[in-house]
Amino acid sequence: MAHDRISSSDLPLFGLAEAQAQPARGDKVPSYLRDHRARLRERFMEGGGAPMPDYELLELLLFRAIPRRDVKPLARTLIDTFGDLGCVLAASPAQLKKIEGLGPAVLVELKLAEAIAHRIARARVIGRPVVSSWQALLDYCHTTMTNRATEQFRIMFLDTKNAVIADEEQARGTVDHVPVYPREVVKRALELDAKSLILVHNHPSGDPTPSQADIAMTDQIDRACQALGLTLHDHLIIGKSNELSFRAQGYL
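Residues numbered from 1 in each chain as written. Predicted model: local features only at pLDDT ≥ 70, side-chain atom pairs only at ≥ 80, totals over all residues. Heavy atoms only, no water.

Per an unreviewed UniProt entry, the protein goes by the name DNA repair protein RadC and belongs to Palleronia pelagia. UniProt's Sequence similarities (unreviewed entry) comment on the protein is quoted here verbatim: "Belongs to the UPF0758 family." (UniProt positions renumbered as here; feature names shortened; annotations may be inferred.)

Below you can see the structure in the form of structure tokens.
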């Protein structure tokens, strides 16, 4: 008995589940849906993404994962649920899986887009002196941390020329606390032969104002660094739309 053949180009990225749920190859995609996708792609290629609302950019991301179904309702649901495109991409797999109609292929597309955004932002920081790439460093921190639902603590390790030689996540916490151990921080700096470092963590509340615990922890790490000949350049707290520098605010 003959079987219909589906080429790899017809399948979404890792999207077997969605592909099986779509109409068979012989079924035609409705003309209105085909025309809508073509117009959206054309607008993006002609004018870029800046003038397009978040849900339309999200639609473009979803086209490949769901090739034969209207994805606008799903895109709008994601934006309504999480707030904006950045928050959608930053949502955890567990959070995304709660959305009706969102299967494995869509999950992969969203997390892939997030990973690519992080990789591009990181490439503008690693190996470059922070003095000449400070804004790129801030952009990277906001890209990777602003929309997180829980606190994350990262460290930028620098060499003698203040170039970033490593960027590592040290700990994850709750919505308002992340455990940090000064001994582990300086131990890792010595392992990497770093000469200085920059601490970074986010406040999911969006307010970058430091807590007393933030100030005390920074002071402990600063004293540990001084004891071992290391320099703590700064501690950045990443908020929703801005950041706070301990150095600029006089905490260091």
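Student: Would you mind going over the overall build of the protein with me for this structure?
Tutor: Helix and strand counts for the protein come out as 10 helices and five strands. Per-residue burial for the protein yields a buried fraction of 40% across its 252 residues. A separation threshold of at least 6 residues defines the contact pool for the protein, and within that pool the share at least 24 residues apart is 62%. Of the roughly 13900 Å² of accessible surface on the protein, 52% is carried by carbon and sulfur atoms. (Helix = DSSP H or I, 4+ residues; strand = E, 2+ residues; numbered from the N terminus. Buried < 20%, exposed > 50% of the residue type's maximum accessible area, 1.4 Å probe, protein only. Contact = heavy atoms within 4.5 Å. Areas by Shrake-Rupley, 256 points an atom, 1.4 Å probe, with all protein chains shown as cover.)

Student: Just to check I follow, could you spell out the packing of aromatic side chains for this structure?
Tutor: To describe a pair of aromatic rings, one takes the distance between the centres and the angle between the planes. Scanning the entire structure with this criterion turns up one aromatic pair. Note on phenylalanine 246 and tyrosine 251: the rings are 5.1 Å apart at their centroids and 45° apart in plane angle, and the pair reads as tilted. Looking at tyrosine 251, the relative accessible area reads 40%, which means it is partly exposed. The side chain of arginine 76 reaches across the aromatic face of tyrosine 55, ending 3.9 Å from its centre. (Phe/Tyr/Trp six-rings, centres within 6.5 Å; stacked < 30°, edge-to-face > 60°. Lys NZ or Arg CZ within 6 Å of the ring centre and 35° of its normal.)

Student: Looking at this structure, I do not really get unusual backbone geometry. What am I missing?
Tutor: The general pattern is negative phi for most residues beyond glycine and trans for most peptide bonds. Here asparagine 162, not a glycine, exhibits a phi torsion of approximately 65°, which is positive. With a relative accessible area of 23%, asparagine 162 lands in the partly exposed category. Positive phi, normally seen in glycine, also occurs at aspartate 193, with a value near 60°. In this fold, aspartate 193 is placed in the loop between helix H9 (182-191) and strand S3 (196-202).

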